[in-house]
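# Remarks on the overall topology
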Amino acid sequence: LFKELKPKKCYFSHDGKCSDKVIKAHSIQNNRTLKKISKNGHVVMLGFDYKNFNPLDPGIRMTEQGRKTATTFTGFCSYHDQMLFRDIDNEDYTKSNEKQEFLFCFRGLVFEFYKKETAKSVFEEASNSGFIENKELADLFLLGTRKSIEYLNYYFTLFKEGLETNNYNILESVHLILDKEYLL
C-alpha cells in the first residue's frame, strides 16, 4: 500500500518537455557522493518500517541499503533529471558556484516535497480506512503535513522561477571545509 501511494510524477512537468517515463532519481548523487560513503555497495541511513506502522512508534531505524536504491524517489522524468542536474551530476563541485549550490538545494527541496506528499497520502488513506484509531492525532498530523506542503510549494515556485530565469542568487550558502576527506 505504501509504495502505491508514493507520487510518481515529474515535478518539473510544467514546461511540457517531459520524457515518457518517471524514473527513480537520486536525491544524493550515486556515483559522486554515495559511492564515497558506501561499504560493499551499501550505505547506512534512516529507514522507515512502513509494513509494521504504529503511530506511537513509527519504526524509524538505521538500516543498510544498497546505494543504487538509496535516496531514490520518483520525482523526475529522465529528461528533466538529466537536463536540470547535469551541472552537478557531470561536473565537479566548485565552491561558491551559485548554480551548483542552487541545484543541490532544489533537488533536496523536491525530495522533501515528495516525502511530504507521500506522508499526506499515507495518512489520509490510513485515516479514511480506520487504521488509525486516534482521529485527533491523525488530523493534527495531516494539518501539519498540509501546511508543510504549502510552504514547500512557495519555495518550489521561487526555485522554478530561478531556474527559468537563470537567477541562482536567491540562496545564501555557508561552506564547511574539512581538512581532509574522511572515508569509511
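Rules of the game
- Residues numbered from 1 in each chain as written.
- Predicted model: local features only at pLDDT ≥ 70, side-chain atom pairs only at ≥ 80, totals over all residues.
- Heavy atoms only, no water.
- Helix = DSSP H or I, 4+ residues; strand = E, 2+ residues; numbered from the N terminus.
- Buried < 20%, exposed > 50% of the residue type's maximum accessible area, 1.4 Å probe, protein only.
- Salt bridge = Lys/Arg side-chain N within 4 Å of Asp/Glu carboxyl O.
- Core = buried A, V, L, I, M, F, W, Y, C linked by side-chain atoms within 4.5 Å.
- Contact = heavy atoms within 4.5 Å.
- Phe/Tyr/Trp six-rings, centres within 6.5 Å; stacked < 30°, edge-to-face > 60°.
- Lys NZ or Arg CZ within 6 Å of the ring centre and 35° of its normal.
- Disulfide = S-S within 2.5 Å.
- Axes fitted to C-alpha atoms, helices over the stretch in contact; angles between N-to-C directions.
- Parallel < 35°, antiparallel > 145°, perpendicular 65-115°, else oblique.
- Left-handed = near helix turned anticlockwise from the far one by under 90°.
- Nonpolar A, V, L, I, M, F, W, Y, C, P; charged D, E, K, R; others polar.

This brings us to the overall build of the protein. In terms of regular secondary structure, the protein is built from five helices and four strands. When the helices and strands of the protein are read in sequence order from the N terminus, they spell out α-β-α-β-β-β-α-α-α. For the protein, the spread of C-alpha atoms along the principal axes amounts to about 50 × 40 × 35 Å. When burial is assessed residue by residue, the protein has 30% of its 184 residues classed as buried.

What follows covers the pattern of salt bridges. Counting across every chain of the model gives nine salt bridges. The closest approach of N and O atoms between Lys 9 and Glu 117, which form a salt bridge, is 3.2 Å. With Lys 9 in the loop between α1 (2-5) and β1 (22-26) and Glu 117 in helix α4 (residues 98-128), this residue pair connects regions lying 108 residues apart in the sequence. Residue classification places Lys 9 among the partly exposed residues on the basis of a relative accessible area of 35%. The exposure class of Glu 117 is buried, given its relative accessible area of 17%. The partner of Asp 89 in a salt bridge is Arg 107, and the shortest N-O contact between them spans 2.9 Å.

Of all hydrophobic cores here, the largest spans 24 residues; its most connected members are Phe 76, Phe 106 and Leu 163. Mapped by element, the contributors of at least two residues to this core are β4 (72-77), α3 (78-89), α4 and α5 (135-165). Leu 163 has contacts with Phe 12, Leu 84, Phe 102, Leu 103, Phe 106 and Tyr 168, leaving out every residue within four places of it along the chain. The next biggest cluster of nonpolar side chains, apart from the first, holds five residues, and it includes Phe 123, Ala 126, Ile 132 and Leu 142.

With that settled, the discussion passes to the environment of Glu 112. Residue placement: Glu 112 occurs in helix α4. In this structure, the C-alpha to C-alpha distance between Glu 112 and Asp 89, residues 23 residues apart in sequence, is 19 Å.

Right, let's talk about the environment of Lys 180 for a bit. Along the polypeptide, Lys 180 turns up in the segment after α5. Separated by 160 residues in the primary sequence, Lys 180 and Asp 20 have C-alpha atoms spaced 43 Å apart.

Applying the stated rule across the entire model yields 16 aromatic pairs. Taking the centre distance of 5.0 Å and the plane angle of 50 degrees together, the rings of Phe 73 and Phe 111 count as tilted. Of this pair, Phe 73 sits in strand β4 while Phe 111 sits in helix α4; the two residues are 38 residues apart in sequence, bridging distant segments of the chain. Residues Phe 73 and Phe 111 agree in their burial class; the two are buried. Between Phe 106 and Phe 156 the ring centres are 5.8 Å apart and the planes differ by 25 degrees, which places this aromatic pair in the stacked class. Here the residue Phe 106 occupies a position in helix α4, and Phe 156 occupies one in helix α5, the gap between them amounting to 50 residues. An identical accessibility class is assigned to Phe 106 and Phe 156; each is buried. Over the ring of Phe 85 we find Arg 107; its NZ or CZ atom is 4.2 Å from the centre of that ring.

Per the counting criterion, the structure on display carries zero disulfides. Sulfur of Cys 10: no disulfide; nearest cysteine sulfur belongs to Cys 18 and is 3.7 Å away. Its relative accessible area of 8% is what places Cys 10 among the buried residues. This cysteine, Cys 77, is not joined by any disulfide, and Cys 10 carries the nearest cysteine sulfur, 3.8 Å off.

On to the packing of α3 against α4. Two elements in contact, α3 and α4, have axes separated by 9 Å at closest approach and are oriented at 125 degrees. As summarised for this structure, α3 and α4 are arranged oblique, according to the angle between their axes. With respect to the hand of their crossing, α3 and α4 are arranged in left-handed fashion. Judged by residue contacts, Asp 81, Leu 84, Phe 85, Asp 87, Ile 88 and Asp 89 of α3 engage Lys 99, Gln 100, Leu 103, Phe 104, Phe 106 and Arg 107 from α4. Broken down by class, the residue content of the contact of α3 with α4 amounts to six nonpolar, one polar and five charged.

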